[in-house]
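Structure at a glance
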Amino acid sequence: MSARLDALAERLEVPLLVTDLTNIRYLTGFDSSNAALVVQPGGEATLYTDFRYVESARAVEGVEPVLAKRALMRDIAERLPKRAQFEADVLPYSQWQALSEGASELVPSSGLVEELRAVKADEEVAKLQRACRIADRGLEALTAETWVGRSERAIAWRLRELLHAHGADELSFDSIVASGPNGAMPHAHPTDRIVDRGTLVTVDWGVRVDGYCSDCTRTFSTGRLPDRLREAYDLCLEAQKRACANIKAGLSGVEADELAREPITDAGFGESFGHGLGHGVGLAVHEAPRLSQESGDTLRSGNAITVEPGIYLEGLGGVRIEDLAIVRDDGIDILTSFPKELTEVG
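Figured I'd write up the structure that's included with this text. (Residues numbered from 1 in each chain as written. Predicted model: local features only at pLDDT ≥ 70, side-chain atom pairs only at ≥ 80, totals over all residues. Heavy atoms only, no water.)

Things to note about helix α7 (residues 122–143)
Helix length check: α7 (22 residues) gives 32 Å between terminal C-alpha atoms against 32 Å at 1.5 Å per residue, within 8%. The complete set of buried residues in α7 reads Glu-124, Val-125, Leu-128, Ala-131, Cys-132, Ile-134, Ala-135, Asp-136, Gly-138, Leu-139 and Leu-142. (Helix = DSSP H or I, 4+ residues; strand = E, 2+ residues; numbered from the N terminus. Expected span 1.5 Å × (residues − 1). Buried < 20%, exposed > 50% of the residue type's maximum accessible area, 1.4 Å probe, protein only.)

Focus: the packing of aromatic side chains
Here the structure, examined in full by the defined rule, presents three aromatic pairs. Geometrically, the ring pair formed by Trp-147 and Phe-220 is edge-to-face, given 5.0 Å between the ring centres and 65 degrees between the ring planes. Of this pair, Trp-147 sits in the loop between α7 and α8 (152–165) while Phe-220 sits in strand β12 (residues 216–221), and the two are 73 residues apart along the sequence. Both residues of the pair, Trp-147 and Phe-220, count as buried. Ring geometry for Phe-220 and Phe-338: centres 5.8 Å apart, planes at 75 degrees, overall edge-to-face. One end of the pair, Phe-220, is in strand β12; the other, Phe-338, is in the segment after β19 (331–334), and 118 residues separate them in sequence. Grouping residues by exposure puts Phe-220 and Phe-338 together as buried. Through a chain of ring-to-ring contacts, the aromatic side chains of Trp-147, Phe-220 and Phe-338 assemble into a single cluster. Across from the ring centre of Phe-273, 4.0 Å away, lies the NZ or CZ of Arg-261, which sits over that ring. (Phe/Tyr/Trp six-rings, centres within 6.5 Å; stacked < 30°, edge-to-face > 60°. Lys NZ or Arg CZ within 6 Å of the ring centre and 35° of its normal.)

Structural data, given as structure tokens:
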């Protein structure tokens, strides 16, 4: 953790007030619901928290723990350096107001810690791999059970049970189980809809292990499909494989997105692929970099990214196929291993 603080300090000309709790955990290993961290350009770091967490803070190496009031921003406003950067993307306006009551000149900043988080060290990759293995095993166990005749909600709950049984600390996010027409909604919530035969079922799921997230999507059939759904599945798989085969460090997020978007658009389904190709994953399930038509990022070796094209056909169904991978100079290492060829569940 001290190496991460040193890496941040090297990027600073003005002290940085870190208030994003995930960033604090990344920099120090300290996990709480109420904390703030001030990092100096010279590397000194002060960790503020309230009585509930101060004992844990005293065990954190490389920082000076300071007991503060529960209304943290109001309390530390007078303790900040004369000039301090703050995380403008995450600090609520009300907390900025509290800080403004102090004497410090507040300078907005963006992405200083997130850029460090985006490149994973070997130990972080190992945690992501473990999370992916647990997630894969949980879904594999679910495919051995009957889906047809059960509700989306019941299948999602059973998946939760199986993921915990296989070693998940918690879920990365609430699992998506979307069957039939519900699959046309990229972020559908499980409903009481009963899974029918002859349709697609999209499952987007992930687990958190040692703080790190997995994220994967597979789409299953429940029997013979209408021609349009089968066409959509085959095309989405082709596009996903094309992207996986060609993504590497140095590509822009826009260029990576285009690898999957081009064949989908050329086949006439472009308007049915309305989201980006992927995003970063780590301590949070959505982080830098972004792979999309709007991205300003460039992929770097060590980025953990999703590759997840989708085709969504209103009133009929949808398909999304997603892997989690590590970007390398010459390609990607895919961490998720559940088969991508169309699997039929009963």
